[in-house]
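# Fold and geometry: a report
So the chains spell out like this:
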Amino acid sequence: MNISRYFNEPLRQRLNEDMAIRQLAAKTQIGYIRGINNLCEYLQHSPETATYEELRAFQLFMVNNGVSGMTVNATLTSLRFLFQMTLDKPEVVMRMRPVTVARKLPIVLNLDEAKRFMASATHPKYKAALAVAYGAGLRVSEIVSLKVGDIDSQRMAIRVEQGKGKRDRYAMLSPVLLEHLRTWWSFANQQGQMFAGGWLFPGLNPINHMSARHLSRVCKETASIAGITKNVSMHTLRHSFATHLLEAHVDIRVIQVLLGHAQLDTTALYTQVATDLLKKVISPLDTVTEKKKTVKEIK
């Protein structure tokens, strides 16, 4: 990504070095540069001479122009990195505060919708990839990055290398999911679409893996074929995986490990969408209200 004309070359070089030292992911680096660019274009001068009042005015400008809370907070994170790490001016951002972001409940498929969804995926490659999302709860970026050797049929586990937060973990591999993967492996090898030890879900050129964008588009198309009107995404399948496990009374700490969540609070969100659990809770109103007798009970 091109950086603003108000960001001189020495400063840009130092920023790149600081991000490299912290080993920030490429996606994170792009986000940081985007936020810094927006500040520079607002200031119309180098951030080296920026003051707290200018940054405060910039945040107010974003809020007044309808920038989402998540984007505002992401921009503030990039500016904190710039002023604290690269410019060594922590006092400029010391009083900057993030905005409160409304937390929405995730969209979840019910069991019937999940069944229809999986039945609507007909190509072995896409059926297997979508099955990994719903059957193991992997993120789309983790799915497309899987290699053939990551499938451990002996231990019935999937090795996820450098998932979110650069953490390795093992995900569950169910017998049905393994069957989907074997069907795809057999098909791909017959068609010459997979290299030995290569990507589990290769792209048109087997040297590269399938893109997350392409798989996300396939997910949308599959939901449409299944007649599901909900806004289904790849993350919807991950949400559904966690929710259905919770409704099946799997310990929430086990689900946390399977999802790769660093904090239990993140996993606990699914307790609010596990409606089957709510059905089993007896309301205090039911315990204090006398049930009306039917005609048969009176006789």
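Look up: the structure comes first, before these words.
The following paragraphs examine the structure supplied in this document. Keep in mind the model is a prediction, meaning the values are calculated, not measured.

## Some thoughts on helix 6 (residues 111-120)
- Residues of helix 6 that are buried: Glu113, Ala114, Phe117, Met118 and Ser120. Axial view of helix 6: buried residues confined to an arc of 160 degrees, hence all on one face. Turned more than 90 degrees from where helix 6 packs its buried face, Leu111, Lys115 and Ala119 sit exposed.
- Those residues of helix 6 that are buried lie in contact with helix 7 (124-136), helix 10 (212-225) and helix 11 (234-247).

## A look at the packing of aromatic side chains
- As enumerated under the stated definition, the model contains four aromatic pairs in all.
- When the centroid spacing of 5.3 Å and the interplanar angle of 45 degrees are considered together, the rings of tyrosine 32 and phenylalanine 81 count as tilted. Highlighted residues: tyrosine 32 in helix 2 (residues 26-43) and phenylalanine 81 in helix 4 (residues 69-86), separated in sequence by 49 residues. Here tyrosine 32 matches phenylalanine 81 in class, with each residue buried.
- When the ring of tyrosine 42 is compared with that of phenylalanine 61, the centres are 5.1 Å apart and the planes differ by 40 degrees; the resulting orientation is tilted. Of this pair, tyrosine 42 sits in helix 2 while phenylalanine 61 sits in helix 3 (residues 52-64), and the two are 19 residues apart along the sequence.

Rules of the game
Residues numbered from 1 in each chain as written. Predicted model: local features only at pLDDT ≥ 70, side-chain atom pairs only at ≥ 80, totals over all residues. Heavy atoms only, no water. Buried < 20%, exposed > 50% of the residue type's maximum accessible area, 1.4 Å probe, protein only. Helix = DSSP H or I, 4+ residues; strand = E, 2+ residues; numbered from the N terminus. Arc of directions from axis to C-beta. Contact = heavy atoms within 4.5 Å. Phe/Tyr/Trp six-rings, centres within 6.5 Å; stacked < 30°, edge-to-face > 60°.

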